[in-house]
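Given next are the chains, with one letter for each unit.
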Amino acid sequence: MDANLRFWRAEGQNEIRRTRLSILINEKTLSEPIQNNQTKKDFLLSLSSVHPDTDKIIPVIFRPPAFMPITLPLVIISSVQRHARHSFFWQFVFHTYTTAFTLVNGNGTPKAQGYSLQQKQLLLGLGAISYSACVGALPLAFMNRYTLKNSLMHLVVRKLLPAPLLGLTSAFTVAMVRSPEFDNGIEVMDRNGKVIGVSKKAGEKAVMETALSRAVLFGTTFFLPEVLMHCVQRARIVKNPHALGPVRMFVIMSVLAGMLPVSFSMFPQCGEINRADLEPEILSSTEETVFFYNRGI
């Protein structure tokens, strides 16, 4: 099993059987556990910088530690737009980054015959980004077109509707750009790290879990600040109207910072799937009851 996947499974057992750093730095055998604290810290760093399936270095801007610093300003800018065209542009930029992040950090084992898998993912990603940006700008386009004066409609269209739209479109882009994982399948392994076969059901499970976690992350990040700011304004906690902007930014940053670890940890990185949920052709070669795969981020 890949070093990262084995670490995710064995971290709570104080035993790491395989490690990339033992090869690159210490030239130890794969079966030797990490006992040096510095080496263990370096290995933890490798979890976010090396792809567990392809062993390729992940670009800095697409590593998990860079996710919040990049998405935070995009979420803030998107939430304060008043014109549909500006909203479309910033939503397009936002979805471009999150889709690229999803593509880089997805499962790297799907394979295709007769066409380029990367080209298909790029085309699907571009279509999903454009569609999601259009959907995200619809509430403002609707308001600008019909000049709504009803306070209830203004509350629904301007305050409440963007949150579920962003959550759904974020999940949609994940499902589209990673669709080859459930179309072609991903590798599943036994407890010893031996690849048993390629499973479309495991790929579907991995993609749906990731899409759900992304919907929860950005849906909550857009919705909860609106509720909190409404309470702040009703209670008149902030006396100066000019201070509402900085307070809003602080609330969005706090919610995103709190939801990010929740989203990334909703489902384990080393996913598990039961024997009963796999295809029959895979089960014929093993008696294992639980199988493992890289879910991706």
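As shown above, the structure is provided for reference.
Below you will find a few notes about this structure. These numbers were taken from a predicted model, which means no experiment stands behind them. (Residues numbered from 1 in each chain as written. Predicted model: local features only at pLDDT ≥ 70, side-chain atom pairs only at ≥ 80, totals over all residues. Heavy atoms only, no water.)

Attention now goes to the environment of Pro 139. One can find Pro 139 in helix α6 (residues 117-146). Sequence separation between Pro 139 and Arg 158 is 19 residues; the distance between their C-alpha atoms is 6.7 Å. (Helix = DSSP H or I, 4+ residues; strand = E, 2+ residues; numbered from the N terminus.)

As a further point, take helix α5 (residues 84-104). Helix length check: α5 (21 residues) gives 30 Å between terminal C-alpha atoms against 30 Å at 1.5 Å per residue, within 8%. For α5, the complete set of buried residues consists of Ala 84, Ser 87, Gln 91, Phe 94, His 95, Tyr 97, Thr 98, Thr 99, Phe 101 and Thr 102. (Expected span 1.5 Å × (residues − 1). Buried < 20%, exposed > 50% of the residue type's maximum accessible area, 1.4 Å probe, protein only.)

Let's shift gears to the nonpolar core. Grouped together as the largest cluster of nonpolar side chains are 24 residues, with contacts concentrated most on Phe 67, Leu 217 and Phe 218. If you list the elements that add at least two residues to this core, you get α4 (64-79), α5, α8 (162-177), α10 (200-235) and α11 (244-264). Among all residues touching Phe 218, those that are not within four sequence positions of it are Phe 67, Thr 71, Val 75, Phe 94, Thr 98, Leu 166 and Ser 170. Within the second largest apolar cluster, 11 residues are counted, among which are Ala 202, Ala 206, Ile 282 and Tyr 293. (Core = buried A, V, L, I, M, F, W, Y, C linked by side-chain atoms within 4.5 Å. Contact = heavy atoms within 4.5 Å.)

Attention now goes to the pattern of salt bridges. As enumerated under the stated definition, the model contains five salt bridges in all. When the shortest N-O distance is used, the salt bridge between Arg 178 and Glu 181 registers 2.7 Å. According to the relative accessible area criterion, Arg 178 is buried, its value standing at 1%. In this structure Glu 181 comes out as buried when scored by relative accessible area, which is 1%. Linking Glu 288 and Arg 191 is a salt bridge whose minimum nitrogen-to-oxygen distance equals 3.9 Å. You can see Glu 288 sitting in the loop between α12 (280-283) and β4 (290-294) and its partner Arg 191 sitting in the loop between β1 (186-189) and β2 (195-199), a full 97 residues away along the chain. Under the relative-accessibility criterion, Arg 191 is labelled partly exposed at 40%. (Salt bridge = Lys/Arg side-chain N within 4 Å of Asp/Glu carboxyl O.)

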